[in-house]
Amino acid sequence: MMFEQLPWAGQAKCLQAEPDTFFPEKGGSTREAKRICALCDVANECLAYALANDERFGIWGGKSERERRRLKKAAS
Ligand code: SF4
């Protein structure tokens, strides 16, 4: 499913931002993406979606790839 088609995407703050911000190069800064996620009303939905769908790349719900892996591990 395309991100724009997700039920909560209408409130996604990142759709007004530069997409590259959310998909930084390896080792690149995640600070700006996390700042935007912190202001986003659907961050919980976004993170839950990313975890459920095993999204590997990018910042989702304010969490980086590594942070999401950690969350998954902790939950299993
Ligand atoms: S939490 Fe972050 S990545 Fe998710 S929809 Fe909101 S701004 Fe976008």
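Please refer to the structure higher up on the page.
Here's a quick rundown of the structure. (Residues numbered from 1 in each chain as written. Predicted model: local features only at pLDDT ≥ 70, side-chain atom pairs only at ≥ 80, totals over all residues. Heavy atoms only, no water.)

## Quick look at the pattern of salt bridges
- Summed over all chains, the structure comprises 4 salt bridges.
- With its nearest N and O atoms 2.9 Å apart, the salt bridge here joins E32 to R35. Separated by 3 residues within a single helix, E32 and R35 lie in helix α1 (residues 31-38), roughly one turn from each other.
- By relative accessible area, which is 38% here, E32 ends up partly exposed. (Salt bridge = Lys/Arg side-chain N within 4 Å of Asp/Glu carboxyl O. Helix = DSSP H or I, 4+ residues; strand = E, 2+ residues; numbered from the N terminus. Buried < 20%, exposed > 50% of the residue type's maximum accessible area, 1.4 Å probe, protein only.)

## Describing α1
- Among the residues of α1, those classed as buried are A33, I36 and C37. Buried residues of α1, seen end-on, are gathered within an arc of 100° and therefore sit on one face of the element. The exposed residues of α1 that point more than 90 degrees off its buried face are R31 and A38.
- Against α2 (43-52) lie the buried residues of α1. (Arc of directions from axis to C-beta. Contact = heavy atoms within 4.5 Å.)

## With respect to the packing of aromatic side chains
- Here the structure, examined in full by the defined rule, presents 4 aromatic pairs.
- On the numbers, 5.6 Å between centres and 85° between planes, the contact of F3 with W8 is edge-to-face. In this structure, F3 and W8 share a single accessibility class: buried.
- Residues F3 and W60 carry aromatic rings whose centres are separated by 5.7 Å and whose planes lie at 65° to one another, so their mutual orientation is edge-to-face. On the criterion of sequence distance, the pair formed by F3 in the segment before α1 and W60 in the loop between α2 and α3 (65-75) is long-range, its members being 57 residues apart. Here the two residues F3 and W60 agree in accessibility, since each one is buried.
- Through a chain of ring-to-ring contacts, three or more aromatic side chains come together here, namely F3, W8, Y49 and W60. (Phe/Tyr/Trp six-rings, centres within 6.5 Å; stacked < 30°, edge-to-face > 60°.)

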